[in-house]
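Fold and geometry: a report
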Amino acid sequence: MNLHEYQAKQLLARMGVAVPAGGPATTPAEARATAEQLFAAGHQRVVVKSQIHAGGRGKGVFKSGLQGGVHVCTNADEVFSRASAMLGQTLVTRQTGPTGRVVSRLLIEAGASILREFYCAVLLDRAAGRPVMMVSTEGGMDIEEVAARTPERIVRETVDPATGMMPFQARKLAAALELRGDQLNAAAKLLLGVYRAWWEGEASLVEINPLGLVEGPDGKPVLTALDAKISLDDNALFRHPDLQNLRDLAEESPLEVEAGRHGLNYIKLDGSIACLVNGAGLAMATMDIIKHYGGEPANFLDVGGGASVEQVTAAFQIIMKDPAVKAILVNIFGGIMDCDVIAQGIVAAVRETGLKLPLVVRLEGNNVVAGKRTLAGSGLALITGDSMADAAQKVVETVKNS
């Protein structure tokens, strides 16, 4: 589950990480009110930031023609004008694709005089099976670019989950940022707070880019999270009801949201062949073999190892809401799953939805004979596949001939 920037900064602030003053706004009037408070507090500039779950906002373009999803303003009237032009409009960035995202909220925060920019992130090192914190002096850039051009400038510190990040590790990373004295100690404390945000929130990613060394109110340099991205582990959210409330369904695919309500794992893709599979590994292999034979998968859809007739019916209904789908491939290997349950679900779904799309079905495994008997006796116009390869070839050929 992704968080908006303002939500990520609120979580980081709880852990002692310095963030710019400000807050969210959903109307131009709210934006003006927050800006007036910031200017009254002595800030010279206020930044108006679009809040969508996508990167590249600053270089994005609104479909209305307004350039940039991030604007720096010098008075409250300008903030009101920018907010009026941004709210309710569609912002297109390199990550949203041409459809873009509607901006429903803004982050209004104090502008900063930036002295230096760094990069900081915590994520899971799957090879080591442990958390790793990464820092770099090359802040403000995509970390992929830094890794490709100057990999030596990315410093990593693996953390033992039994002890958590130790102060000496935080100081080591702060030193790698070429900080010294009071700045080193402040950076070490901040990095420990960043790690706590990752660990206690059970996040999959906490990223601050840039982490800025900015001029504080007294003129002294202060480390501040100028931007923040947090992705939470969906599987751990049941332990964090407060974090569940931060979910913004408007930023997620409606079909993926609906699938989640039925306990289905669904991700929409750009192809024309829908897949209904049990098991994530088999689903990946099914998409691969569709590509191998010249087709394009329309989705990743894993109904899990114990799907019910109701879940299979819901899966078909979700698939049929995608107008790009031209055929459906059902690929089931019954280990825990009963093939006859899937067959009953297919029959019920086709009859309930009035499915007109070509349907190719491959069943194998537990109770497969009964499953095939159910399909054969249903009177449905479906195509059977004797193997995964056979089913994939048939569905690809069906789409090409349609």
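See the structure shown above.
Structure report, in brief.

Cut-offs and rules
For every chain, the first residue of the written sequence is number 1, and numbering continues from 1 onward in sequence order. Where totals are concerned, whole chains, interfaces and linings use all residues; where local detail is concerned, this predicted model gives features only for residues with pLDDT of at least 70, and gives and counts side-chain atom pairs only at 80 or more. To get the side-chain values, take all heavy atoms of the structure and skip hydrogens and water. At least two DSSP bridges between two strands are required for those strands to pair. We count a stretch as a helix when DSSP gives it H or I for four or more residues in a row; a strand needs E for two or more, and each element gets its number in order from the N terminus. Ring pairs are drawn from Phe, Tyr and Trp, using the six-membered ring of Trp, whenever the two centres fall within 6.5 Å, and their geometry is named by plane angle: stacked under 30 degrees, edge-to-face over 60, tilted for the rest. By definition here, charges over rings are those cases where NZ of Lys or CZ of Arg is within 6 Å of the ring centre and within 35 degrees of the ring normal. Cavities and pockets were defined on a 1 Å grid built over protein atoms only: a cavity is a set of grid points that admits a 1.4 Å probe from which the probe cannot escape, a pocket is an open set flanked by protein on both sides within 12 Å along at least five of seven lines, and lining residues are those with an atom within 4 Å of any such point. Grid points are joined across faces, edges and corners, and a volume is the space filled by probe spheres set on the points. Three classes are used, and their members are as follows: Ala, Val, Leu, Ile, Met, Phe, Trp, Tyr, Cys and Pro are nonpolar, Asp, Glu, Lys and Arg are charged, and the others, Gly among them, are polar. Remark: exposure states derive from per-residue accessible area (1.4 Å probe, protein chains only) relative to the maximum for the residue type, with buried under 20%, exposed over 50%, and partly exposed in between. Contact criterion: two residues are considered in contact whenever any of their non-hydrogen atoms come within 4.5 Å of each other. Axis definition: a line fitted to C-alpha atoms, over the contacting stretch in the case of helices. Angles run 0 to 180 degrees between N-to-C directions. Throughout, the term roughly parallel applies to angles under 35 degrees, roughly antiparallel to angles over 145, roughly perpendicular to angles from 65 to 115, and oblique to all others. Here a crossing is taken to be left-handed if its near helix is turned anticlockwise relative to the far helix by less than a right angle, and right-handed if that turn runs clockwise.

What about the sheet that holds strand S5 (residues 90-92)?
- If you walk across this open sheet you meet the three strands as S3-S5-S6, and the pairing is antiparallel. Of all the strands in the sheet, the pair left with one neighbour each is strand S3 (61-62) and strand S6 (101-102).
- Pairing between S3 and S5: two bridges, direction antiparallel. Residue pairing across strands places valine 61 opposite valine 92, the latter belonging to S5.

So, the packing of aromatic side chains
- Applying the stated criterion across every chain yields a total of three aromatic pairs.
- Stacked on the ring of phenylalanine 80, the Lys or Arg arginine 32 has its end atom at 4.3 Å from the ring centre.

Some thoughts on the layout of surface pockets
- Taken as a whole, the second largest pocket spans an internal volume of roughly 490 Å³.
- As for the second largest pocket, its lining consists of 20 residues, of which His43, Gly111, Glu215, Gly216 and Pro217 are closest to the centre.
- When contributions to the lining of the second largest pocket are tallied by element, the ones reaching two or more residues are strand S11 (203-215) and strand S12 (221-225).
- A breakdown of the residues in the lining of the second largest pocket according to their chemical character gives eleven nonpolar, seven polar and two charged.

As for the environment of glycine 334
- Its location among the elements puts glycine 334 in strand S17 (residues 327-334).
- Under the relative-accessibility criterion, glycine 334 is labelled buried at 7%.
- Taking the C-alpha atoms as reference points, glycine 334 and asparagine 366, 32 residues apart in sequence, are found 4.6 Å from one another.
- Excluding its chain neighbours within four sequence positions, the residues that come into contact with glycine 334 are Cys339, Glu364, Gly365 and Asn366.

Side note on the packing of helix H5 (residues 167-176) against helix H6 (residues 181-200)
- Relative to each other, H5 and H6 sit at 120°, their axes nearing to 8 Å. With respect to H6, the axis of H5 lies oblique. Pair H5 / H6 crosses with right-handed handedness. Note on element contacts: H6 touches H5 through Leu184, Ala187, Ala188, Leu191 and Leu192, opposite Pro167, Ala170, Arg171, Leu173, Ala174 and Ala175.

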